[in-house]
There are 2 protein chains.
Amino acid sequence: MTRWIAVDWGTTALRASLMEGDTPLETRASDKGMNSLTPEEFEPTLLALADDWVAGPTEVLCCGMVGARQGWVEARYSAVPCPALGTGLTTVPTKDPRLSVRIVPGLKQVTPHADVMRGEETQIAGILRAIPGFDGVACLPGTHTKWCHLSADEVVSFRTVMTGELFATITKQTVLRHSLAGDGWSEDAFLEAVSDALSKPEMLTARLFELRAADLLTGQEAGVARAVLSGLLIGSELAATRPWWLGRDVVITGSGKTTPAYAAALSSQGVTPRILPADAMTYAGLTTARELP
Amino acid sequence: MTRWIAVDWGTTALRASLMEGDTPLETRASDKGMNSLTPEEFEPTLLALADDWVAGPTEVLCCGMVGARQGWVEARYSAVPCPALGTGLTTVPTKDPRLSVRIVPGLKQVTPHADVMRGEETQIAGILRAIPGFDGVACLPGTHTKWCHLSADEVVSFRTVMTGELFATITKQTVLRHSLAGDGWSEDAFLEAVSDALSKPEMLTARLFELRAADLLTGQEAGVARAVLSGLLIGSELAATRPWWLGRDVVITGSGKTTPAYAAALSSQGVTPRILPADAMTYAGLTTARELP
């Protein structure tokens, strides 16, 4: 029974991989995220995607919003400080007797501020598998970027900054959308905005409308405006999390699009982060989860 | 010809008032904003709303997005420093010979940062009519709040902060919407958040996700969360505009909903603003516009 199924089941997407030991053999994706399913629909949805991978008794390890209260079965938050995978997986009762399904719990923090994560803890477990004994900070850029202080094989504390969601919302839903269209980019404008936001974080919201005005008055390129917006937001995030990354070992684990921006911003502040790919860390974390009793 | 028509024609709404001297006799509103009209539709739209007010030759004074490039006729931005009503009104050719229509220009600023306004300059003219010789700062809260330095009967400079649009967008479009529903409010939480944002402006984006986490973990009331969000955003705005209001005479001219929040926030910092109603300042500003040659 060396083959098993790794499942990353988020709010709006499902991704399952047939695993051999710690190596993915095949990956399939679906848009049947947690948001679109009732609890009894999870098992048939998984089987519809991966039935041919279930040749006999099959272990399935899941992470993500599948474990939320509105998910398949709630995998309650473990409170930090604790190991990345918390205080134990939640076993899911299944109708198909071949399946042995377990869900990784999310993490919660009550003090010094309220915070939660669900899904990223598995990537953190992957980072600790990839770099045993890592003592430092893991930055997981995304819709809700997580900064996690890791020490002695535990998550000591963490902080969520919703930079990705703010960027997407401002780009799509505000008057600035007229001045931010397209995929253009200016690395110089980005780094200057990061520096501005770090030195004058109080100017963040005041500077946003400049992007619209500069377009109306001087036809500023949308690519420059996008880079400035991204730089202001990531710079503000770095200003807020300075105690986390200053003088620390930093690992970045994120998607291809945002990881380089965070890496460049940190490098401009004299921090050289190690970069570990998000997918690989999810596999590694679920592999660790599978080894749990 | 003491009767005339005052028109505030914005992006999504039109409001016309029959005026006798500087006093509104009757006001009518329509949802036919600039966004929904082609240039040739403005005149019939106005007549459909107010034809019975046009008994003979009738002056019509307009402010707002009606003067944008996509509006009725473009009333080009005047560059500050300049009088609130800029360097002259734009006369609109009409098919109906009874109408004499003029549009107030917007204001633009090139340095120290790019900025524009269209509509608020009329309220500023109203403030200067209401308080002749006012030397200080006008704060016009709204979707895009304006801070205007007024001196020697001119707009010296201004700064737009899109606090209102950020609050609306975050409340409606992000994951925080689940934790911000309703109309609840906590004045204590608001003032504490204002103070927090002023003392630690770099924490703004980092603190937003706490509103979601505190709901999930401890069921924080939506009214408290709304007040904290508003306090963080207005506090950040005050942090950005501190050189504008610190030790200055401040007038606030805004709508009923946001004006008290700005007044409370400024009062908590030892500034006691004068409050002048927005509608009255628009009438006063258009009355001044009508007197221009």
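Residues numbered from 1 in each chain as written. Chains lettered and ligands numbered in written order. Predicted model: local features only at pLDDT ≥ 70, side-chain atom pairs only at ≥ 80, totals over all residues.

Draft legend 1. Molecular detail of the overall build of chain A. Scanning chain A from terminus to terminus reveals 9 helices and 14 strands. Relative to the globule expectation of 19 Å for 293 residues, the C-alpha radius of gyration of chain A, 20 Å, shows essentially globular dimensions. On the principal axes, the C-alpha backbone points of chain A span a range of 65 × 40 × 35 Å. Considering chain A as a whole, with its 293 residues, one finds that 50% of them fall into the buried category. For chain A, the proportion of contacts with a sequence separation of at least 24, taken over those separated by at least 6, is 67%. (Helix = DSSP H or I, 4+ residues; strand = E, 2+ residues; numbered from the N terminus. Rg over C-alpha atoms; globule rule 2.2 N^0.38 Å. Buried ≥ 20, exposed ≤ 12 C-beta atoms within 10 Å, placed from the backbone. Contact = placed C-beta atoms within 7 Å.)

Draft legend 2. Examining the nonpolar core more closely. Judged by nonpolar contacts, the single largest core of 184 residues is most densely connected at C62 of chain A together with C62 of chain B. Beyond its immediate sequence surroundings of up to four residues, C62 of chain B is in contact with V7, W9, G67, V101, I103 and V104 of chain B. (Core = buried A, V, L, I, M, F, W, Y, C linked by C-beta atoms within 7 Å.)

Draft legend 3. Focus on the relation of the copies chain B and chain A. Mapping chain B onto chain A calls for a rotation angle of 180 degrees and an axial translation of 0.0 Å; the resulting RMSD is 0.0 Å. Seen this way, the second copy is the image of the first under a two-fold rotation axis. In this assembly the copies share their binding face: 100% of the residues contributing to the interface of chain B also contribute to that of chain A. (Least-squares fit on C-alpha atoms with pLDDT ≥ 70 in both.)

Draft legend 4. Representation of unusual backbone geometry in the model. For the bond from T111 of chain A to P112 of chain A, the omega torsion is 0 degrees, close enough to zero to count as cis. Although it is not a glycine, A152 of chain B sits at a positive phi angle of roughly 50 degrees. Along the chain, A152 of chain B turns up in the loop between β11 (145-151) and β12 (154-161).

Draft legend 5. Region of interest: the domain arrangement of chain A. Residue and element names in this part refer to chain A. On domain assignment, one finds that chain A holds domain 1 (3-131 + 278-291) and domain 2 (161-275). Computed over C-alpha atoms only, the centres of domain 1 and domain 2 are separated by 31 Å. Listed by partner, the interface residues are 4 residues for domain 1 and 4 residues for domain 2. Of all the secondary-structure elements, those providing two or more residues to the side of domain 1 that touches domain 2 are α2 (120-130) and α9 (278-291). Classifying every residue of the side of domain 1 that touches domain 2 gives 3 nonpolar, 1 polar and no charged. (Domains from an automatic or database assignment. Nonpolar A, V, L, I, M, F, W, Y, C, P; charged D, E, K, R; others polar.)

Draft legend 6. Summary view of the sheet that holds strand β6 (residues 90-92) of chain B. All names here are of chain B. Here 6 strands make up an open sheet; going across it, the order is β3-β2-β1-β4-β7-β6 and the pairing mixed. Taken across any chain shown, the strands that pair with only one partner, and hence form the sheet edges, are β3 (23-30) and β6. Here the average twist between neighbouring strands, direction ignored, is 25 degrees. The sheet contact formed by strand β4 (residues 58-63) and strand β7 (residues 99-103) spans 5 bridges and is parallel. Counterpart to E59 in the pairing with β7 is S100. On the sheet, helix α1 (residues 42-50) packs against β1 (3-9), β2 (14-20) and β3 and is oriented at approximately 55 degrees with respect to β2. Across the face of the sheet, helix α9 (residues 278-291) comes into contact with β1, β2, β3 and β4 while running at roughly 125 degrees to β4. (Pairing = 2+ DSSP bridges. Axes fitted to C-alpha atoms, helices over the stretch in contact; angles between N-to-C directions.)

Draft legend 7. Focus on α2 of chain A. α2 of chain A sits mainly inside the fold: 9 of its 11 residues count as buried. What α2 of chain A keeps buried is the set E120, E121, T122, Q123, I124, A125, G126, I127 and L128 of chain A.

Draft legend 8. Spotlight on the interface of chain B and chain A. Counting residues at the interface gives 38 residues for chain B and 38 residues for chain A. Looking at the side of chain B that touches chain A, the elements with two or more residues in it are β9 (115-117), β12, α3 (163-173), α5 (204-218) and α6 (222-240) of chain B. In terms of residue class, the side of chain B that touches chain A is built from 20 nonpolar, 11 polar and 7 charged.

Draft legend 9. Representation of the sheet that holds strand β7 (residues 99-103) of chain A within the structure. Residue and element names in this part refer to chain A. Reading across from one edge, β3-β2-β1-β4-β7-β6 is the order of the 6 strands in this open sheet, with mixed pairing throughout. With one partner strand each, in any of the chains shown, β3 (23-30) and β6 (90-92) form the two edges of the open sheet. The sheet shows a mean angle of 25 degrees between the axes of neighbouring strands, direction not considered. Lying on the sheet, α9 is in contact with β1 (3-9), β2 (14-20), β3 and β4 (58-63); it crosses β4 at an angle near 125 degrees.

Draft legend 10. A look at the pairing of β2 of chain B. All names here are of chain B. In this structure, β1 lies alongside β2, joined through 7 bridges in antiparallel fashion. Paired with A6 across the bridge in β2 is S17. Taking the residues between adjacent antiparallel strands as the criterion, β1 and β2 are bridged by 4 residues. In terms of strand pairing, β2 meets β3 through 7 bridges, oriented antiparallel. In the strand pairing of β3, L14 is matched with S30. Following β2, the chain reverses through 2 residues before pairing antiparallel with β3; G21 in that reversal takes a positive phi of roughly 65 degrees.

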